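Next come the chains, spelled out residue by residue.
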Amino acid sequence: MFRRGTAARLACAAACLIAGGALAPPAQAQTLTMRSALSRALAASPRLTAAERDVGIATGQRIQAGALLNPELSYEQDDSLGSGKYRGTRSAETTLQISQAFELFGKRDARIAAGAAGVEVAAIQRKAVRLEVLSETAIAFLSVLGAQRRIQILDEQIAAIDRLTPLLRRRVEAGASSPAETGRAEVASALVKADRERFKATLASARRELAVLMGDPATQFGEVSGRLDTMGKPPTFQSVVAAIDANPQLVRWTAVFAQRNAELLLARLKPYPDVRIAAGWRHFNETNDDAVRFTLSVPIPVFDRNQGNILSAQESLAKTKAEREANRNTLIVIAGRAYDSLQGSLRELAVLREIAIPKAVEASEAISQGYGQGRFTLLEVLDAQASVTQARLREQEALQNFHAGVATIEGLVGNPFTLARESAR
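Residues numbered from 1 in each chain as written. Predicted model: local features only at pLDDT ≥ 70, side-chain atom pairs only at ≥ 80, totals over all residues. Heavy atoms only, no water.

**A word on the packing of helix α5 (residues 180-213) against helix α9 (residues 378-413)**
Running from N to C, α5 and α9 point in directions that differ by 15 degrees, and their axes come no closer than 10 Å. By the angle between their directions, the pair α5 and α9 is classed as roughly parallel. Where α5 crosses over α9, the handedness of that crossing is right-handed. Where α5 approaches α9, its residues Glu181, Arg184, Ala185 and Ala188 are matched on the opposing element by Leu378, Leu379 and Leu382. Its residues assigned to classes, the contact of α5 with α9 comprises 5 nonpolar, no polar and 2 charged. (Axes fitted to C-alpha atoms, helices over the stretch in contact; angles between N-to-C directions. Helix = DSSP H or I, 4+ residues; strand = E, 2+ residues; numbered from the N terminus. Parallel < 35°, antiparallel > 145°, perpendicular 65-115°, else oblique. Left-handed = near helix turned anticlockwise from the far one by under 90°. Contact = heavy atoms within 4.5 Å. Nonpolar A, V, L, I, M, F, W, Y, C, P; charged D, E, K, R; others polar.)

If you want it as structure tokens, here you go:
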């Protein structure tokens, strides 16, 4: 049901936005495509930058985990600065010694394993953040595109009302209509313009959100270009749930388990004593003789057997499975909402396109023609036009919700969301 692909191609395929437009852009601004928006968002995302730094932090910790213990150099002076024969340093014994601790029982290997798992966790988490940035940017792009289209629909309704003005004036002059109907048409046009201003505010907010995701301090792009009318039939929800297991947020728990397992091993190994070996040179001032000194020391784990840290590591390891299941359940809930939304959008679109919009257009055209013949009132004409507009606005909302659901699911499954096209059935 799902195919592998790059993350940028992932969200582009989700929205199926390749051409089209709605509002005229400023002369100095360029039209923005989905692909360009995704590329800019990936390049500018501070969250992705932070995730990359986490990889660097984990890499540094992995390097440090493999470092050997430093040797120690010590100097000792005995039998000096006392009284009698030990006055001054004439009878002093001086020792210059170098010592080295050796970790036993695989402690260093356990630290390295924990560090390597930490790097893998950070790298996988970076992939998860990348998918989130792509999904959020795609949804923001869809919001701008949908708002553009809604404003265009309202502009079409305003133009349709304005086209009634000459006919309305002729009817008033002929005495077929009341002069009050002119005011009614102006009110209807004004109300639609008020709705348009509200959608313009929505568009401005959506554009600002998209600009922020792309790292722009201000909105610098013109219109966004794309299509919302390309759709298809989604696969079953069971296949979506099965694909969620490939989400980096869940994959990383395998690395987290390995990391915590290595930390538990390290906690269990800590009570086992390490060996410190030292070799030195001793000089006896009184006889001017020299000697070599060897030292071997081993701590005795009597009082501190690291039991508290072992218990903590055991509980942390046992917690991993529950955390993964909780994370998976959260992703399934999010995917379920998105899947139900796109399924509901498909059913809504079917009703709108098969019944509501054709019937509304047909009724509006018939009433408009009948109005010129005096068979319908202006109120009926305006009501029919409003029905067409509302149906088309509902269609655009359903289309946007459908593609937003697809983009959300793609961000969860980590692959393009394959849709069966109507022509392929």
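Now, onward.
**Overview of the sheet that holds strand β6 (residues 289-297)**
A sheet is described by the order of its strands in space; here 4 strands give the open sequence β2-β3-β5-β6, paired in antiparallel fashion. Two strands bound the open sheet, and with one partner strand each, they are β2 (72-78) and β6. Neighbour-to-neighbour, the strand axes of this sheet turn through a mean angle of 20 degrees, independent of strand direction. Note: β2 against strand β3 (residues 93-102), 7 bridges, orientation antiparallel. Across the sheet, glutamate 76 pairs through a bridge with threonine 95, a residue of β3. (Pairing = 2+ DSSP bridges.)

**Focus: unusual backbone geometry**
Backbone geometry at asparagine 288 places phi at a positive 60 degrees, although glycine is not the residue there. Here asparagine 288 lies in the loop between β5 (275-284) and β6. We classify asparagine 288 as exposed; its relative accessible area is 55%. A positive phi angle, near 60 degrees, is found at asparagine 306, a position not held by glycine. (Buried < 20%, exposed > 50% of the residue type's maximum accessible area, 1.4 Å probe, protein only.)

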